[in-house]
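Structural description and commentary
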Amino acid sequence: MTARRLAFDVLMKMHSGAYSNISLDAALSRAKDMDAREAALAANLVYGVTERRITLDYQLEGLLDKPIGKLKAEVLTALRMGAYQIIFCDRIPDSAAVNESVELVKKSGCAFAAGLVNAVLRKVISRGLSLPDCIGTAYYMSIKYSCEKWIVQELKKEYGESAEKILMHSLETPPISIRVNTLKTDTDSLLKKLLAEEIEAEKSYISPSCLNIIKTGKAIEKLDSFKKGLFHVQDISCQLCVEALNPMPGETVLDLCAAPGGKSFTAAQIMKNKGVIKAFDIYPHKIDLIDAGAARLGTDIIMPCVNDASVFRPTLTGADRVLCDVPCSGFGIMARKPEIKYKSYEEVELLPALQLKILMNGARYLSSGGTLVYSTCTLRRAENEEVCEKFLSQSPDFKKKGEYVTLLPGTDGCDGFFYAVFEKVKTE
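Here goes a summary of the coordinates provided. (Residues numbered from 1 in each chain as written. Predicted model: local features only at pLDDT ≥ 70, side-chain atom pairs only at ≥ 80, totals over all residues. Heavy atoms only, no water.)

Right, let's talk about the sheet that holds strand 9 (residues 366–376) for a bit. Strand pairing in a sheet relies on backbone hydrogen bonds, with the paired strands running either antiparallel or parallel. Taken in spatial order, the 7 strands make up an open sheet running 7-6-5-8-9-11-10, and their pairing is mixed. The sheet is open, and its two borders are formed by strand 7 (302–306) and strand 10 (398–407), each paired with just one other strand. Across the sheet, the axes of successive neighbouring strands diverge by a mean angle of 15°, strand direction being ignored. In this structure, strand 8 (residues 319–325) lies alongside strand 9, joined through 6 bridges in parallel fashion. Of the residues in strand 9, the one forming a bridge with valine 322 is leucine 372. Packed on one face of the sheet, helix 13 (residues 236–245) meets strand 5 (252–255), strand 8, strand 9, strand 10 and strand 11 (417–424) and runs near 5° to strand 11. Against the sheet, helix 17 (residues 351–364) engages strand 8, strand 9, strand 10 and strand 11, with an angle of about 155° to strand 9. (Pairing = 2+ DSSP bridges. Helix = DSSP H or I, 4+ residues; strand = E, 2+ residues; numbered from the N terminus. Axes fitted to C-alpha atoms, helices over the stretch in contact; angles between N-to-C directions. Contact = heavy atoms within 4.5 Å.)

The end-to-end C-alpha separation of helix 17 is 20 Å, in line with the 20 Å expected for 14 residues at 1.5 Å each. All buried positions along helix 17 are accounted for by Leu351, Pro352, Gln355, Leu356, Ile358, Leu359, Asn361, Gly362 and Ala363. For helix 17, the elements touching its buried residues are strand 8, helix 16 (345–348), strand 9, helix 18 (385–393), strand 10 and strand 11. (Expected span 1.5 Å × (residues − 1). Buried < 20%, exposed > 50% of the residue type's maximum accessible area, 1.4 Å probe, protein only.)

Glancing now at the side chain of asparagine 384. Within the secondary structure, asparagine 384 sits in the loop between strand 9 and helix 18. Of the polar contacts made by the side chain of asparagine 384, one reaches the backbone oxygen of threonine 378; its length is 3.2 Å. Dropping the residues within four chain positions of it, asparagine 384 is found in contact with Tyr374, Thr376, Thr378, Leu379 and Phe418. (Polar contact = N/O pair within 3.5 Å; in protein donor to acceptor, adjacent residues only side chain to side chain.)

Another point: the environment of cysteine 210. Of note, cysteine 210 is situated in strand 3 (residues 210–215). Using a relative accessible area of 0% as the deciding quantity, one classes cysteine 210 as buried. In this structure, the C-alpha to C-alpha distance between cysteine 210 and threonine 187, residues 23 residues apart in sequence, is 7.9 Å. Excluding residues within four positions of it along the chain, cysteine 210 makes contact with Ser177, Ile178, Glu202, Lys203, Ser204, Ile236 and Gln239.

Let us look at the sheet that holds strand 1 (residues 176–180). Pairing is antiparallel in the open sheet, where 4 strands are placed in the order 2-3-1-4. Looking along the sheet, the strands with just one partner apiece sit at the ends: strand 2 (200–203) and strand 4 (231–233). Direction aside, neighbouring strands of the sheet carry axes that sit 35° apart on average. Along the sheet, helix 11 (residues 187–196) contacts strand 1, strand 2, strand 3 and strand 4; its crossing angle with strand 2, the most-contacted strand, is approximately 165°.

Right under this line is the structure:
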């Protein structure tokens with residue numbers, strides 16, 4: 001199977017609602033004979049077409065005699081792939097982009113559309129990238145950065161000029177950061193080990209146990225240092241969140257929405273593997289991920305369990321620290337999950353109510369004097385500051401510790417993230 005055919009098949013599955021990362025990983029695992037260069041091209045096409053979808057459709061709409069929505073999915077997918085290669089892939093000859101796209105529609109049972117695909121893509125070559133004239137407007141930015149207009153409007157309203165930096169970052173390759181497993185090694189030793197594995201990394205100036213990967217020619221999970229549990233992959237924003245929780249050795253910590261377990265792993269390391277961490281998720285298969293990660297890293301204080309964070313369980317009371325990393329719209333990680341850019345308002349409007357419910361439950365589990373952390377990977381104030389303020393207004397026995405922290409993608413060297421720290425006031 002060729003890289004383009006694999007990418008085409010994955011994009012077709014996504015057309016029916018599948019997730020890009022899951023579908024691509026599954027397809028690549030089946031294509032065991034595909035060399036690294038072809039696999040990289042397939043990944044580039046899948047993620048590139050996905051993250052540029054609105055931009056690509058804008059290019060095609062003006063060159064078609066009928067609305068895009070009237071095209072068969074196979075034809076539209078081939079057109080998007082061809083247009084993406086022509087406009088955004090400098091190393092791919094235009095002729096190859098056209099010819100390969102024509103072949104894809106032929107082999108997918110849509111030979112009748114071969115002439116259409118050929119003609120439209122040749123027009124794309126002649127015209128190049130086209131953008132609206134209304135520079136600076138939400139509509140222009142929606143087309144340029146391939147993001148739903150309502151999301152652009154909300155970012156512009158809440159972040160002003162920084163909105164464009166956030167959107168620009170959504171089209172960039174996100175950084176890879178790792179957390180040194182201090183239960184097994186130290187930062188300098190891991191750096192030497194990675195260098196021996198031909199991985200370039202550097203210490204983060206933000207956290208002493210964080211390394212930023214500069215260059216790698218291998219999949220992280222295939223490294224010997226990864227298999228031996230010397231680190232786990234975790235964005236610096238998440239590491240800062242756990243450091244703000246400040247779990248201490250011997251304490252009982254609840255991680256209410258834990259999967260895949262990264263924050264629990266970091267907490268266990270900070271706690272020197274002493275105490276108890278109860279790591280919950282609503283889905284049983286995700287509990288297996290936490291179990292496997294904890295075993296690889298060599299920590300035995302993490303207790304994964306299926307639990308609905310929105311339902312109060314009296315048996316969990318008495319915790320020293322509680323982390324509520326709640327489900328959210330994810331607008332801080334659009335570079336990692338490009339499908340997020342196409343969410344409708346209806347998909348996220350009910351999230352604040354659920355988030356507040358989880359936070360209120362988390363608060364009830366704490367002992368007097370305990371610490372509560374609320375976090376999201378979104379940038380919407382409705383899911384961040386506004387949820388926290390509602391919580392404080394309904395929780396007189398809690399006070400805010402420090403300021404709310406919002407980390408912006410493309411500005412703070414990490415994913416977009418928000419966290420807030422609260423303390424349960426001690427009672428006599």
